[in-house]
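# Survey of secondary and tertiary structure
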2 protein chains.
Amino acid sequence: MDTYLAIASKRDERAYAETPIPAEVRQRILDSGRLSGSSKNRQRWEFVVVSGEAKDRLAEAVYAPENVRTAALVVAIVGEASGFDAGRCAQNMMVAAWADGIGSCPAHLPEADVARLLSIPDGVHVNRVIGFGYVDPARAAAPKAVARRRKPLEELVHRARW
Amino acid sequence: MDTYLAIASKRDERAYAETPIPAEVRQRILDSGRLSGSSKNRQRWEFVVVSGEAKDRLAEAVYAPENVRTAALVVAIVGEASGFDAGRCAQNMMVAAWADGIGSCPAHLPEADVARLLSIPDGVHVNRVIGFGYVDPARAAAPKAVARRRKPLEELVHRARW
């Protein structure tokens, strides 16, 4: 898919089809995060790929369980990356996935619970959990909250200075 | 450009050719930020497009002046977006630009100085300044700091749990 088309059409999705994600596509998603730029190229992130029973328990810990429970791939971004760098990394993964027909959404999470469930050591920051899955054709319409229009550029852009 | 190719090949650049960026390409870059997903679709970002004299003064305020001074487009992301959401927004802009042959790099900045130079009101957070410009053919090799290899996936990925 064309890059700008993928970026401009990407919607955050929270409910997914049951179709599994092939191994090579999963790898491409993780590589897209891995290859992201970061401050001083520090790459201060690690990825926990959560599946099976751990995924079910994790679903109950996050604020939007469906996003994790129905996802075919769940990735926790952990480590000392800044929020900004973690966002760059996550967006790379989510846009690459979208170009393959896969929706995604970052989950809000109670960090201590997620760390306990995933046996993440003390002092290792859990930044975000992201659910990925093929877009469910039965729910192809965007959920209301996501379908809200974006603000027009005229509202956002200041020229030369504020 | 294919989405995954753009994501995987994107390098952060800090020195640019003098070629101006056409208006429609500038708009596509800003739209890529504008259309980014954000927590609860709050879109808590505004963009200050810095040019002319303000750009020269800004270059002296950031830690890597060349990134701003030689850039054909300089965008400050300001507002109450989380670092994570600002990172998603910035990555959208930078990957879209890359697909058009335009390099970019976020600049580290002393926030108070930048706010003063751009007349940004008290209480409005300056998240990042990003320089954009066509890749300078005379300097097409990646600077050493950027060319460092990324860690392999095996070092980053934990399966099921830490």
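Before any of the text, the structure's been laid out above.
What counts, and where the lines are drawn
Residues numbered from 1 in each chain as written. Chains lettered and ligands numbered in written order. Predicted model: local features only at pLDDT ≥ 70, side-chain atom pairs only at ≥ 80, totals over all residues. Helix = DSSP H or I, 4+ residues; strand = E, 2+ residues; numbered from the N terminus. Rg over C-alpha atoms; globule rule 2.2 N^0.38 Å. Buried ≥ 20, exposed ≤ 12 C-beta atoms within 10 Å, placed from the backbone. Contact = placed C-beta atoms within 7 Å. Pairing = 2+ DSSP bridges. Axes fitted to C-alpha atoms, helices over the stretch in contact; angles between N-to-C directions. Least-squares fit on C-alpha atoms with pLDDT ≥ 70 in both. Parallel < 35°, antiparallel > 145°, perpendicular 65-115°, else oblique. Left-handed = near helix turned anticlockwise from the far one by under 90°. Nonpolar A, V, L, I, M, F, W, Y, C, P; charged D, E, K, R; others polar.

### Regarding the overall build of chain A
Across its full length, chain A holds 8 helices and 5 strands. In chain A, the succession of α and β elements from N to C terminus is α-α-β-α-α-β-α-β-α-β-α-α-β. Taking 162 residues into account, the globule formula puts the C-alpha radius of gyration at 15 Å, and chain A, at 16 Å, falls close to it. Its C-alpha atoms give chain A principal-axis dimensions of about 50 × 40 × 30 Å. When each of the 162 residues of chain A is scored for burial, the buried share is 45%. Long-range pairs, those at least 24 residues apart, make up 83% of the contacts in chain A with a sequence separation of at least 6.

### Digging into the sheet that holds strand E2 (residues 73–78) of chain B
With respect to topology, 5 strands assemble into an open sheet ordered E5(A)-E1(B)-E2(B)-E4(B)-E3(B), the strand pairing being mixed. Edge strands, defined here as strands with exactly one partner in the open sheet, are strand E5 (157–159) of chain A together with strand E3 (102–107) of chain B. Within the sheet, the average angular offset between the axes of one strand and its neighbour, ignoring direction, is 25°. Alignment of E2(B) against strand E4 (residues 126–134) of chain B, held across 6 bridges, turns out to be antiparallel. By the bridge assignment for E4(B), Ala76(B) is matched with Val129(B). Packed onto the sheet, helix H3 (residues 52–61) of chain B meets strand E1 (46–50), E2 and E4 of chain B and runs at close to 100° relative to E1(B).

### Here's the deal with the relation of the copies chain A and chain B
For the pair chain A and chain B, the best superposition has an RMSD of 0.0 Å and corresponds to a rotation of 180° with a translation of 0.0 Å parallel to the axis. One copy is carried onto the other by what is essentially a two-fold rotation axis.

### Some remarks on the packing of helix H5 (residues 83–99) of chain A against helix H5 (residues 83–99) of chain B
One way to put it is that H5(A) packs onto H5(B) with a least axis distance of 6 Å and a crossing angle of 55°. It follows from the interaxial angle that H5(A) and H5(B) lie oblique. Seen from above, H5(A) lies across H5(B) with right-handed handedness. Within the contact between the two elements, H5(A) uses Gly83(A), Phe84(A), Asp85(A), Ala86(A), Gly87(A), Arg88(A), Ala90(A), Gln91(A), Asn92(A) and Val95(A) and H5(B) uses Gly83(B), Phe84(B), Asp85(B), Ala86(B), Gly87(B), Arg88(B), Ala90(B), Gln91(B), Asn92(B) and Val95(B). Among the residues forming the contact of H5(A) with H5(B), the class breakdown is 8 nonpolar, 8 polar and 4 charged.

### Here's the deal with the interface of chain A and chain B
Size of an interface: often given as the accessible area lost when the parts come together. Opposite the 57 residues of chain A that make contact, chain B presents 57 residues. For the side of chain A that touches chain B, the secondary structure elements donating two or more residues are helix H1 (3–9), helix H2 (23–34), strand E1 (46–50), helix H3 (52–61), H5, helix H7 (144–147), helix H8 (153–156) and E5 of chain A. Counting residues per element, the side of chain A that touches chain B draws most heavily on H5(A), which supplies 12 residues. A per-class count over the side of chain A that touches chain B returns 29 nonpolar, 14 polar and 14 charged. Where E5(A) and E1(B) come together, 3 bridges link them in parallel fashion. Note on E1(B): the bridge partner recorded for His158(A) is Val48(B).

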